[in-house]
Structure formats: structure tokens, C-alpha cells
Amino acid sequence: MFEVNSISIQYDEKQVIKDFSFTINEGEIVSIIGPNGSGKSTLLKAVSCQMTCKTGSVKLNGINLKSMKPKQIACQMCMLSQKNQAPTDMTVYDLVAYGRYPHKRWFEKLTNDDRDIIQWAIDKTHLTAYHDRTVASLSGGESQRAWIAMALAQRPKILLLDEPTTYLDISHQHEVLELVRELNLDMGMTVMMVLHDLNQAAHYSDRVIVVQDGEKAMCGTVEQVMTAKMIREVYKMDSEVHYSSTEQKPRIHLLHTAR
């Protein structure tokens, strides 16, 4: 579905992504992990065409994204950044309605079908009771769900999330990631997201990409990637990795800085 072929990205004279390649299959949840400053968010921006690659290509179903118009891309994928802001008087409904505009011509009004999709997105993200609330009045988790609802109204095949749990407390992090998994399971939506928490990445992902100094350090299943060896080499931390009798995904316990 998604092919990233040997992309490189440069800021001024500094190369921040170096000869990076990977594929994402339809219906997968893939998480990007790595230390601060390793290039995770830059990589996601390149995949979403928010940044220009110096070399290489990004293809969706065999079509180079460079040959697609912005509206065509917006109908296929949606990216949400770390921190999203809406006007203080904007309601949840109005925010979610913005997701329909990639499908509309200039000045074309919303149709009944559009309104049905908007309401479906609000219901799907469990925000029905917040329909007329302003986005500014929502809690962190509720606000993040509202932005995801906007993305859903866009009807993308791929959802890109840059650190969706940043600024959220533990319960709201869980709330948002459970919603992401629900959308993946119920709708077959392909998800690619940047995460800092290794246990969240292990729990919610099908595959994991590890970025280190702008390069691909590893890419594979959770079981292949989430090892004490990887954590020591990439994060410079000693750890214990366990599998419980009730869960097939690894659980990581960080110990101390590796010596």
C-alpha cells in the first residue's frame, strides 16, 4: 500500500533522514520510535508530503505522491500533528465538518451526505454528547478525539499521527490509543504513528520502525524489535522484556543507563 523508497531529507546543510526505506501494508498499525531528535516526526512529515524529500520517493498504491494533487492526497490520508489548535469559538461539529472540504469544490456547500458523514465521525469517536461544545472547552483526551473525528470525516485510508498522546495524562493516553485501535479493527484503517512510550508502541502496533540518527535502525514485528538488545543499542538503557501469560505482546521494564 505504502512504499517509501530511499528517501533523504536535508535541513540547510544537515541531512536529518538518510536513505530511508520501508513499506506499510493495508490495515496495519505501524509505530515509529526512537530517541529525541532522531528524525521520527520529520519522517512522518515526509510520508505525508508536508516536507520535500531531497532524494527517493513515497508511493501510495504504486503512485508517486509527487504526481498527485494536494486534494487527491487529502482524500487518501490525513495527518494530525503533536498539538492542534482551533479557534476558541469553534464547536466540535464545525471542526469535524472541516474534514469534508477536501472532497468539495471551492465554495461548494455541504450536502446531506456530508452531514451524515460528519455525524457518523462524531458518533464513532464517542463525542455525540459534545456536538455543540467548543473545542477549547474539551479536556485533552476529548480534544484529541475531536481532531481524530475531523480526520475520520475526511474518510482517509491512512491516518498519520505525530505523538498523539503528548500532553495527555495516562487515562487520556489510553482513551486515544484505544480509539485508534478501534478504528483500525472496525474500519480496516491503516495507521502510522510516532510514539515515545515503548510499552504503548508494543501494545498497539503490528510492526515497529526504529529511527536512530536519521537512519532506519530496525523494522519488524513487535516481537522482533522490542528486545533488550535494541533498547540498549538505541536508547542506551538496560531493560527487562517480559511476556505475561495473558498477553502475547512484550512488556518493557527499564532499569538504568547502560554502562
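This section reports on the structure supplied with the text. Along each chain, the written sequence defines residue order, and numbers are assigned to residues from 1. Local features in this predicted model are restricted to residues of pLDDT 70 or higher, and side-chain atom pairs are both shown and tallied only at a pLDDT of 80 or more, whereas totals for entire chains, interfaces and linings draw on every residue. Remark: hydrogens and water are excluded; side-chain values derive from all non-hydrogen atoms of the structure.

Once that is clear, we can look at the overall build of the protein chain. Along the protein chain, the regular secondary structure elements total 9 helices and 12 strands. Each principal axis of the C-alpha distribution contributes one length, and for the protein chain these read about 60 × 40 × 30 Å. Of all 259 residues assigned to the protein chain, the portion counted as buried reaches 49%. The protein chains shown are the only cover counted for residues, whose accessible areas, like all others here, come from Shrake-Rupley with a 1.4 Å probe. As displayed, the protein chain offers around 12,900 Å² of accessible surface, 49% of which is attributable to carbon and sulfur atoms. Helix numbers and strand numbers start at the N terminus; a helix is a DSSP run of H or I with at least 4 residues, a strand a run of E with at least 2. To sort residues, take the accessible area from a 1.4 Å probe on protein chains only and compare it with the maximum for the residue type: under 20% means buried, over 50% means exposed, and anything in between is partly exposed.

The next subject is unusual backbone geometry. Positive phi is not limited to glycine here, since His126 has a value of about 60°. Mapped onto the fold, His126 is located in the loop between α4 (112–124) and α5 (140–153). You can call His126 partly exposed: its relative accessible area is 44%. Of note, the phi angle at Lys236 is positive, near 60°, even though the residue is not glycine. Following the sequence through the fold, Lys236 ends up in the loop between α9 (228–235) and β11 (237–243).

What follows concerns α4. To estimate how far a helix should extend, the number of its residues minus one is multiplied by 1.5 Å. The terminal C-alpha atoms of α4, which comprises 13 residues, lie 18 Å apart, in line with the 18 Å expected from a rise of 1.5 Å per residue. Listed in full, the buried residues belonging to α4 are Asp114, Ile117, Ile118, Ala121, Ile122 and Lys124. Whether two residues touch is decided by their heavy atoms; if any such pair falls within 4.5 Å, the residues are in contact. The elements touched by buried residues of α4 are α3 (92–97), α5 and α6 (170–187).

We now examine the packing of aromatic side chains. Classification of ring pairs uses Phe, Tyr and Trp, with its six-membered ring standing for Trp, and accepts pairs whose centres are within 6.5 Å; under 30 degrees between planes counts as stacked, over 60 as edge-to-face, and the remaining range as tilted. Applying the stated rule across the entire model yields 2 aromatic pairs. With 6.0 Å between their ring centres and 90° between their planes, Phe20 and Phe22 make a pair best called edge-to-face. Across the pair, exposure class does not vary: Phe20 and Phe22 are buried alike. Ring centres 5.5 Å apart and planes at 55° place the aromatic pair Tyr98 and Tyr101 in the tilted group. Take Tyr101: its relative accessible area is 38%, and that puts it in the partly exposed class. Only when the NZ of Lys or the CZ of Arg is both within 6 Å of the ring centre and within 35 degrees of the ring normal is a charge said to sit over the ring. One residue, Arg155, lies across the ring of Trp120, its end atom 4.6 Å from the ring centre.

A few words on the sheet that holds strand β9 (residues 207–212). A pair of strands is considered paired only if DSSP assigns at least 2 bridges between the two. Reading across the sheet, the 6 strands line up as β6-β7-β8-β3-β9-β10 and stay open at both edges, with mixed pairing between neighbours. The open sheet is flanked by β6 (77–80) and β10 (215–221), the only strands paired with a single partner. Direction aside, neighbouring strands of the sheet carry axes that sit 15° apart on average. As paired elements, strand β3 (residues 29–33) and strand β8 (residues 190–194) share 4 bridges and run parallel to each other. By the bridge assignment, Ile32 is partnered in β8 with Val194. Along the sheet face, α5 touches β6 and β7 (158–162) and points at about 165° away from the line of β6. Axis definition: a line fitted to C-alpha atoms, over the contacting stretch in the case of helices. Angles run 0 to 180 degrees between N-to-C directions. Taken strand by strand, α9 contacts β3, β9 and β10, and its axis lies near 30° from that of β9.

Right, let's talk about the nonpolar core for a bit. Residues grouped as a nonpolar core are buried Ala, Val, Leu, Ile, Met, Phe, Trp, Tyr and Cys residues, joined through side-chain atoms within 4.5 Å. The biggest cluster of nonpolar side chains holds 52 residues, and the ones touching the most others in it are Ile33, Leu80, Val96, Met193, Met226 and Met230. Among the elements that take part in this core, α5 stands out by supplying 8 residues, more than any other. Apart from the residues lying within four places of it in its own chain, the contact partners of Val96 are Ile118, Ala121, Ile122, Ala146, Ala149, Met150 and Ala153. If you look at the next biggest cluster of nonpolar residues, it comprises 30 residues, including Val4, Leu43, Leu44 and Met79.

Glancing now at the side chain of Gln144. By secondary structure assignment, the location of Gln144 is in helix α5. A polar side-chain atom of Gln144 sits 2.6 Å from the main-chain carbonyl oxygen of Pro164. Beyond its immediate chain neighbours, meaning those up to four positions away, Gln144 contacts Asn84, Pro164 and Val176. Pairs of N or O atoms within 3.5 Å make up the polar contacts considered here, provided that, within protein, one atom can donate a hydrogen while the other can accept it, and that residues adjacent in sequence are counted only when both atoms are side-chain atoms.

All we've got here are geometric facts, nothing functional implied.
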